[in-house]
Amino acid sequence: MTLAQSRPPDSMGMPDATELLIKEARQKMLRRRLYLAVVVLLGLVVACLVVIGVVHYSSSPTRTVSGPGGTTLSATTCSDARVKLLGVTGLPGAAVSAGLLVRTSVSSSTACTMSGYPIVGAQLDNHSTAMARDVRFGIFGGMSKVNAPLPRLLLASRPHVVSFTIQFVSGIGHTCPWINSLQFTLPGARQTLTARSMYQAGIGVSRLWGIYCGYLQATPLFRGANGK
């Protein structure tokens, strides 16, 4: 009888030294690639944040004005402008349209620019408030061109006259409430001013603002006293 010669147990799946080295090298390569990917991703995030910051900074409205002795002062958007009410004047209009010209005196301790629309609210005798809608032009004032940019008013410590117009639908009946007063805030100013009387040609100063039947609108701010 012939005995079969037994073989060494090298076919049981035990890796040799070469396979272990290859596996370890692959793991190191994967870890290195993962590390590089994380670094690249963080770099892209930082770059995007920097670009966003630069765009935001460069898009901030800035202007320059001449200071004492011909020096140049940097002017940013007004954040603490001082506003004083000079007066409200009634404007002649149609039978169902009423117009008002609001004149203010505006200054700022630091050079700045003011632009945009006032926030206007009409206090009515029925204990409600009507808020004005922004319009670029109207029958009493505003922009002369539809696509023209809004005026940017350069302000400094010396007061400047700034004006705008208000318009609304009025009436002669008793179905609509009366306006008791007007409140408005200019962009970049903290205080809200209240007007309780107005001047009307041929009448003088009056507390009668008229009947309000809707469509309260306000035009942009302009330098000067004519609201356009």
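Here, every reference points to the structure presented above.
Residues numbered from 1 in each chain as written. Predicted model: local features only at pLDDT ≥ 70, side-chain atom pairs only at ≥ 80, totals over all residues. Heavy atoms only, no water.

*Asks:* Whenever I open this one, the overall build of the protein confuses me. Can you help?
*Replies:* When its secondary structure is counted, the protein shows 1 helix and 16 strands. Here the protein holds 228 residues, and 33% of them are scored as buried. For the protein, the exposed surface amounts to about 15,200 Å²; the carbon and sulfur share of it is 61%. (Helix = DSSP H or I, 4+ residues; strand = E, 2+ residues; numbered from the N terminus. Buried < 20%, exposed > 50% of the residue type's maximum accessible area, 1.4 Å probe, protein only. Areas by Shrake-Rupley, 256 points an atom, 1.4 Å probe, with all protein chains shown as cover.)

*Asks:* Quick question: what am I supposed to make of the layout of surface pockets here?
*Replies:* A probe as big as a water molecule, rolled over the atoms, marks out the empty space that is left. In this structure, the largest pocket encloses a volume near 310 Å³. As for the largest pocket, its lining consists of 17 residues, of which Leu91, Ala98, Met198, Gln200 and Trp209 are closest to the centre. Within the residue set of the lining of the largest pocket, elements represented by two or more residues are β3 (82-91), β4 (97-107) and β13 (198-200). When its residues are assigned to classes, the lining of the largest pocket shows 11 nonpolar, 6 polar and no charged. (1 Å grid on protein atoms, 1.4 Å probe; cavity = no way out; pocket = protein on both sides within 12 Å on 5 of 7 lines; lining within 4 Å. Points joined across faces, edges and corners; volume = space filled by probe spheres on them. Nonpolar A, V, L, I, M, F, W, Y, C, P; charged D, E, K, R; others polar.)

*Asks:* Any chance you could explain the side chain of serine 108 here in plain terms?
*Replies:* By secondary structure assignment, the location of serine 108 is in the loop between β4 and β5 (112-114). You can call serine 108 buried: its relative accessible area is 3%. Dropping the residues within four chain positions of it, serine 108 is found in contact with Arg82, Ala156 and Ser157. (Contact = heavy atoms within 4.5 Å.)

*Asks:* I would appreciate a short explanation of the sheet that holds strand β11 (residues 179-185) in the present structure.
*Replies:* Paired through their backbone hydrogen bonds, the strands of a sheet run either parallel or antiparallel. Taken in spatial order, the 4 strands make up an open sheet running β7-β6-β11-β12, and their pairing is antiparallel. Looking at which strands have only one partner, the edges of the open sheet turn out to be β7 (129-131) and β12 (193-195). On average, each strand axis in the sheet is tilted by 25° relative to the strand beside it, whichever way the strands run. The pairing of strand β6 (residues 119-124) with β11 spans 6 bridges and is classified as antiparallel. Bridging across to β11, isoleucine 119 finds its partner in threonine 185. (Pairing = 2+ DSSP bridges. Axes fitted to C-alpha atoms, helices over the stretch in contact; angles between N-to-C directions.)

*Asks:* What am I meant to see in the environment of serine 115 here?
*Replies:* As for its placement among the helices and strands, serine 115 is situated in the loop between β5 and β6. When its relative accessible area of 25% is taken as the criterion, serine 115 is described as partly exposed. In sequence terms serine 115 and leucine 153 are 38 residues apart; their C-alpha atoms lie 6.2 Å from each other. Residues within four places of serine 115 in sequence aside, it is in contact with Leu150, Pro151, Arg152 and Pro187.

*Asks:* Explain the pairing of β6 here, please?
*Replies:* Successive residues of a regular strand alternate their side chains across the two faces of the sheet. One ladder, built from 3 bridges, connects β6 with β7; its direction is antiparallel. The partner of glycine 121 across the bridge, within β7, is methionine 131. The antiparallel pairing of β6 with β7 creates a hairpin that spans 4 residues between the two strands, and histidine 127 there sits at a positive phi of about 70°.

*Asks:* Help me understand the environment of arginine 223, please; the structure alone is not making it clear to me.
*Replies:* With respect to the element layout, arginine 223 can be found in strand β16 (residues 222-223). Separated by 71 residues in the primary sequence, arginine 223 and arginine 152 have C-alpha atoms spaced 9.0 Å apart. The residues touching arginine 223, leaving out its near neighbours within four places in the chain, are Leu153, Leu154, His160 and Val161. Only 2.6 Å separates the side chain of arginine 223 from the backbone oxygen of leucine 154, close enough to count as a polar contact. There is a polar contact of 2.7 Å between the side chain of arginine 223 and the side chain of histidine 160. (Polar contact = N/O pair within 3.5 Å; in protein donor to acceptor, adjacent residues only side chain to side chain.)

*Asks:* I would appreciate a short explanation of the state of the cysteines in the present structure.
*Replies:* By definition, a disulfide links the sulfur atoms of two cysteine residues through a covalent bond. For the coordinates displayed, the defined rule picks out 2 disulfides. What pairs with cysteine 78 in a disulfide is cysteine 112, and their sulfur atoms sit 1.9 Å apart. Looking down the S-S bond of the cysteine 78 and cysteine 112 bridge, the torsion is 80°, so its handedness is right-handed. Pair noted here: cysteine 78 is in the loop between β2 (72-77) and β3 and cysteine 112 is in strand β5, with a separation of 34 residues, a long-range link. Both residues of the pair, cysteine 78 and cysteine 112, belong to the buried class. Numbered by order of appearance in the sequence, the disulfide-linked cysteines of the protein pair as 1-2, 3-4. (Disulfide = S-S within 2.5 Å.)

*Asks:* Can you help me understand the side chain of serine 163 in this one?
*Replies:* Tracing the backbone shows serine 163 in strand β10 (residues 160-169). The exposure class assigned to serine 163 is buried, which follows from its relative accessible area of 0%. Ignoring sequence-local partners within four residues, the contact set of serine 163 consists of Leu101, Val102, Arg103, Pro220, Leu221, Phe222, Gly224, Ala225, Asn226 and Gly227.

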